[in-house]
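Letter by letter, the chains look like this.
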Amino acid sequence: MLTFIIRRVLIGLGILLVSSFLLYLLVDLTIDPLEDLAQSTATNKEFLIAQRIEQLELDKPVIQRYFEWIGGIFTGDLGTAWRTNRPVGDLLQGAIISTVQLVSAATVLSILLGVAVGIVSALRQYSGFDYLITFVSFLLFSLPSFWVAVLLKQWGAIGFNDFLANPWIAWGIVIGLGIIAGFLWQLAIGGALKRRLINGAIGAAATIGALAFLQLSGWWETPNIGPVILAVTSVVIAFAVTALSTGLKNRRALYTALTCAALGVALWYPVRFYLFYYLTDYMNWGVVALLGLLAAGVGIGIGVLYRGPDWKQSARTGGIVAFLVAGLIFIDQVMSVWGPYYNSNAINGRPIPTIGDRTPNLGGNWWVGVLDSYTHLLLPTLALMLISFAGYTRYSRGSMLEVMNQDYIRTARAKGLTERTVVVRHGFRNSLIPLATIVPLDVITLIGGAIITERIFGRPGMGQLFLQSLDGAEIEPVMAYLLIVSFLAIVANIIADLIYAVLDPRIRVNA
Amino acid sequence: MKIRRISALAATVAAGALVLSACTPPGDEGTDGDGGGNAGIDEGTSINIGWNQPFYEYNSNSATGNATANAIVLYLMNSSFNYYDKDLNLVTDESFGTYEKVSDDPLTVTYTINDDVTWSDGTPVDAADMLLTWAATSGHMNTVEAEEDEEGNVTNQDEVDAGVFFNNTSAGLALVEETPEISEDGQSITLVYTKPFADWEVNFGVGVPAHVVASHALDIEDAQEAKDALIAAVNDRDAAALSPISQFWNTGFQFGNALPDDESLYLSSGAYLLEEYVNEQYVTLVANPDYTGDHAPTVERVTIRYNEDPMAQVQALENGEVDVISPQSTADVLASLEALGDGYNIITQDEGTYEHVDVMFDNGGPFDPATYGGDEATALAVRQAFLKLIPRQDIIDRLIVSLNPEAEIRNSYTSIPGSPNYDVVSAVNGMAEQFPGATDLDAATALIEEAGVETPIDVRFLYGASNVRRQQEYQLIAESAGQNGLFNVIDGGDDNWGTLLEDSSGYDASLFGWQSTSTAVSESDANYRTGGLNNFGGYSNAEVDALFDELQVETDTTRQGEILAEVETHLVDDAFGVTIFQFPGVTANNTEVEGIDPISISPTIFWNFWEWSTTATEEASS
């Protein structure tokens, strides 16, 4: 194992050196730092050109400049962006944070959604739902991201903001949406005609009911989770998590989940109006993480208290449910500043933005800041998600189908396990193995692919840094970007191989 | 049993929570709904302006800081002696200070700053600040230049560190060789030019605050002491003191990821204070409460937001995130702006860059007399015939009018349309008659026939290959010049055209743009003088050179226009080339903002910021 890692790391370093050399030559060919001066009519043009040649050492051969640059890298000096004279290290710092913010939410959400939909699609192979998902995912997969981004801005931001100015959905549209939702639900759940009809009706009624509730309670003006929505959602979460984690037959787990949900509803008031109020000035993401862990701990504790022979399962279920319910309370708190946010002069009734990563001149406390960065993340995250979601759907569908046709699945069914156990424990887990190799690589592609999304949404991330530096003929930031991306790609490959070996006992990495 | 116990526990907790809720919780007011508090949200209003490059350095005179992105922000922050108005006339701002040409020979100018003008930390703006500008950009303080050995290592690093090196030099101020004298009250400074300089009026002003530079470089706390130390250092050319001063001047005002903690690094002497700076995102300027000058703004806050993508700017305008944008103009951008409908103003106007065709005189090609055995007349006829066939009006009609309906042919080599000299110069230089916009095929054919040159004549044509507009221009020119089989225009489009320009042996005619950054008349010198830096084609005319010599030292603006007209008449007679159009620009704003009226050179939309107003404030408070 160790020799394998060492060997891969050494090979990776070699690749990194060679690729950085080639890229340096290519970038040097591409850019012309003197181009803007060539057009200049400044009276001291000759001086300026001489000065720049000296500053950038353009009179030296490119290979010599490469070795000087790579020497700097080894001593920890990433160079400077010569136009602004800012150290590349500084530039990267801000850019990496912004990109990670954007990419992480998009990656997690698209994996969760993509895998879920892909698995369901595989279980209903060759059904209407399967064809529909296949169609939609190919459609999304083939969309160019710059176009998606522009459309999202037009409808998701400008259109939605216009809607918010007078938030009323005509009842005909509400009913229409309900019918469509019902149709999709019955496709996904499947079964005989009667079951389909019942499921479809339930789905339609739930959707229409939910929309009607939002509409009539004035939810669009003051969005909130509140005790009612919190209670309903928490119970749904409790049942859903239990069903996936242990199955509803495990009564202890179910009671644990429901207790967590109930506790969450009971704590909603004191947490929202006392705890968060007093914490407002001290809030940061570290505190949020601590509170989240605390909630999960409480959930685990409740599961342990229910005891029984399989208390570990109850504890797991309780932890997940408690964490999710706590998350809902957190979201509710963030939503509570919506009113002042929406009405502030800086927002002026148009809360979904199209550019930037924060609203200028907004001010406000920590919660306002969270809400503001959320509204700014919304559309770029969606743009990235739509495309990688499609990919994950295809991957997980394919691997699930393959797994479900294995002999051990037939054996599991034959020995009388419930369909849930077969699908979740024997099928689903094994279908994740190929995904483990795809995800790390995909994260890298996403960082690279976020170039277009970042540019169009004006987020100051890595892609934006790369483009701007290339435009400004600044080789050092460009090379820093390329070096980081190729470094991450190599690391991701190594990690993918290792994960594969850990997950799948048939694979050995001993070299 | 156990389950019941735990349910009871949960019920107790729930009940407890309900009891607690009976008291008025502290968090209930202030965060919920729109009734109570506002969660600390800022209630100010501002105009948001979309721009393409972020602000990054306060010292726009240094080698790194010299960019429009910095100049526009500094224009809002700092007052100056003069500015360009809508018609590109230089207008003085006497609420800041005055200047006066005391003598023509030697050219002597006295600049005086008003008594009540201060930096935003309370220190007066005075002659010390102007002395620093001269010391830094005249180049006369510099004592060292970096020397390198064969391996490119700086051999005299210690001397460079110890010496004085200001990293940018202004050609005009270099003519002021003697240290300018400061008046007794410390408000005036007198510059004596060793030879007259035509553009002295746009050549000088206040740069960065002297007391800040001196106090940081020399570690002196008191502002007046710091200034005195700086004045003494410059007067005595004290390298030991000037060395840290030059280092701080070069790099001390560069911004990092955030607004510097040290407020003295971004002082204002004018209408706005820099309030907030978020790297790559925006800068916010707030009206300076202590400003007493003539350019007091009515808009409380100006925020400049950065986004490079023109379409993204248009959508941000539509979504109300920015109020004014000035994106790079394309047909798509203009179409989507027009689709926004009512509530938005769209202004199409000229920009500072102009497109032109030059022909080469010295490369042994079709326009070089050497090709015809030194026969000047034949080469001239070929040049004239070629230029007569450049379809200038057609290019504008097909490529430019859709972006700027008022676009017209530019008929001057040296003056921007709309500037004071343009009408004078274009009326007499004869370009419109010699090289009509509609082309003159008959005259061109006759010229070639008379000259007896074998047709078709090959012309290698250089332009930027990836620039779609230039590709189309090339097509139109090639088609027009190819009529009657006169010229065979060879496609020499190349992405490295900027570098290839230097070597005229590789092409016979070129198509590209020159950018004007001011109305300074000496800017055109390098384009047309024998051996001039931008005179790529080897054009040489002794009379033109003599006229430029005269222009360099002519300080009378009327006479400057006359000289330029004479120069241009020679250029037309010699068939130097033709100018085609001014780059089209577009500015759009929502109607909440009034008073936006851009000019073609820096600071473009910002020049009249004190005339802006916004109706957003009233709306928000109603």
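Details of the structure are given in the entry above.
Thresholds, definitions, all that
Residues numbered from 1 in each chain as written. Chains lettered and ligands numbered in written order. Predicted model: local features only at pLDDT ≥ 70, side-chain atom pairs only at ≥ 80, totals over all residues. Heavy atoms only, no water. Helix = DSSP H or I, 4+ residues; strand = E, 2+ residues; numbered from the N terminus. Buried < 20%, exposed > 50% of the residue type's maximum accessible area, 1.4 Å probe, protein only. Contact = heavy atoms within 4.5 Å. Areas by Shrake-Rupley, 256 points an atom, 1.4 Å probe, with all protein chains shown as cover. Lys, Arg positive; Asp, Glu negative; His and termini not counted. Charge placed at Lys NZ, Arg CZ, Asp CG, Glu CD. Buried area = accessible area lost by both parts, 1.4 Å probe. Salt bridge = Lys/Arg side-chain N within 4 Å of Asp/Glu carboxyl O. Polar contact = N/O pair within 3.5 Å; in protein donor to acceptor, adjacent residues only side chain to side chain. Nonpolar A, V, L, I, M, F, W, Y, C, P; charged D, E, K, R; others polar. Pairing = 2+ DSSP bridges. Phe/Tyr/Trp six-rings, centres within 6.5 Å; stacked < 30°, edge-to-face > 60°. Lys NZ or Arg CZ within 6 Å of the ring centre and 35° of its normal.

### Describing the overall build of chain A
Working step 1: Each helix and strand in chain A was counted, giving 19 helices and 2 strands.
Working step 2: If one aligns the C-alpha atoms of chain A with their principal axes, the spans along those axes are about 85 × 65 × 45 Å.
Working step 3: A buried classification covers 48% of the 511 residues belonging to chain A.
Working step 4: Contacts in chain A between residues at least 24 apart in sequence constitute 74% of all its contacts with a sequence separation of at least 6.
Working step 5: Only carbon and sulfur atoms are counted for the fraction: they give 71% of the accessible area of chain A, which is about 24200 Å².
Working step 6: Separation of charge centres in chain A, based on 34 positive and 29 negative side chains, amounts to 20 Å.

### Observations concerning the overall build of chain B
Working step 1: Across its full length, chain B carries 20 helices and 18 strands.
Working step 2: Across the 622 residues of chain B, 57% fall into the buried class.
Working step 3: Restricting to contacts in chain B with at least 6 residues of sequence separation, those with at least 24 account for 68%.
Working step 4: Accessible surface, chain B as shown: approximately 24600 Å² in total, 46% of it carbon and sulfur.

### Comments concerning the interface of chain A and chain B
Working step 1: With 79 residues of chain A in contact, the opposing surface of chain B contributes 81 residues.
Working step 2: Roughly 6700 Å² of surface becomes buried between chain A and chain B when both sides are summed, with 52% attributable to carbon and sulfur atoms.
Working step 3: Run the count over chain A and chain B and you get 1 salt bridge.
Working step 4: The salt bridge partner of Glu 308 of chain B is Arg 455 of chain A, with a shortest N-O separation of 3.8 Å.
Working step 5: At the boundary of chain A and chain B, one finds 18 residue pairs in polar contact (both at pLDDT 80 or more).
Working step 6: A per-element tally of the side of chain A that touches chain B places helix α11 (residues 251–279) of chain A first, with 12 residues.
Working step 7: Its residues assigned to classes, the side of chain A that touches chain B shows 31 nonpolar, 28 polar and 20 charged.

### Some words on the sheet that holds strand β9 (residues 282–287) of chain B
All names here are of chain B.
Working step 1: Taken together, the 10 strands give an open sheet; going across it, the order is β8-β9-β10-β1-β11-β16-β12-β15-β13-β14, and neighbouring strands pair in mixed fashion. Edge strands, defined here as strands with exactly one partner in the open sheet, are β8 (272–278) and β14 (487–493).
Working step 2: As defined by bridge partners, β8 adjoins β9 across 6 bridges and the pair is classed as antiparallel. Residue pairing across strands places Leu 274 opposite Leu 285, the latter belonging to β9.

### Here's the deal with the side chain of Thr 393 of chain A
Working step 1: Mapped onto the secondary structure, Thr 393 of chain A falls in helix α15 (residues 366–404).
Working step 2: When sequence neighbours within four positions are dropped, the list of residues in contact with Thr 393 of chain A reads Gly 114, Val 117, Gly 118, Ile 133 and Ser 137 of chain A.

### Focus on the side chain of His 570 of chain B
All names here are of chain B.
Working step 1: Among the structural elements, His 570 can be located in helix α19 (residues 557–573).
Working step 2: Taking relative accessible area as the criterion, His 570 reaches 18% and is therefore assigned buried.
Working step 3: Among residues more than four places away in sequence, those in contact with His 570 are Tyr 539, Asn 541, Glu 543, Val 544 and Leu 547.

### Side note on the packing of aromatic side chains
Working step 1: As enumerated under the stated definition, the model contains 62 aromatic pairs over all chains in all.
Working step 2: Look at Trp 338 of chain A and Tyr 341 of chain A: their rings are 6.1 Å apart centre to centre, the planes differ by 45°, and that puts the pair in the tilted class. Here the residue Trp 338 of chain A and the residue Tyr 341 of chain A both occupy positions in helix α14 (residues 338–343), the gap between them amounting to 3 residues, near one helical turn. An identical accessibility class is assigned to Trp 338 of chain A and Tyr 341 of chain A; each is buried.
Working step 3: When the centroid spacing of 5.1 Å and the interplanar angle of 55° are considered together, the rings of Phe 81 of chain B and Tyr 111 of chain B count as tilted. With a gap of 30 residues between them, Phe 81 of chain B in the loop between α2 (68–77) and β2 (82–84) and Tyr 111 of chain B in strand β5 (residues 107–113) connect regions that are remote in the sequence.
Working step 4: Assessed through its relative accessible area of 2%, Phe 81 of chain B is described here as buried.
Working step 5: Here the aromatic residues Tyr 75, Tyr 83, Tyr 272, Trp 607, Phe 609 and Trp 610 of chain B are joined through ring pairs into a cluster of three or more.
Working step 6: Over the aromatic face of Phe 457 of chain A sits the side chain of Lys 153 of chain A, whose NZ or CZ is 5.3 Å from the ring centroid.
Working step 7: Over the face of the ring belonging to Tyr 354 of chain B we find Arg 410 of chain B, whose NZ or CZ atom lies 3.6 Å from the ring centre.

### A few points about unusual backbone geometry
Working step 1: Following Asp 105 of chain B, the chain continues into Pro 106 of chain B via a peptide bond in cis, with omega recorded as -5°.
Working step 2: Looking at the secondary structure, you find Pro 106 of chain B in the loop between β4 (97–104) and β5.
Working step 3: Between Thr 455 of chain B and the following residue, Pro 456 of chain B, the backbone shows a cis peptide bond with an omega angle of -10°.
Working step 4: Position of Pro 456 of chain B among the secondary structure elements: in the loop between α14 (441–451) and β13 (457–463).
Working step 5: Of note, Tyr 126 of chain A is a non-glycine position whose phi angle comes to about 60°, a positive value.
Working step 6: Structurally, Tyr 126 of chain A can be placed in the loop between α5 (88–123) and α6 (128–141).
Working step 7: Overall, the relative accessible area of 56% leaves Tyr 126 of chain A in the exposed class.

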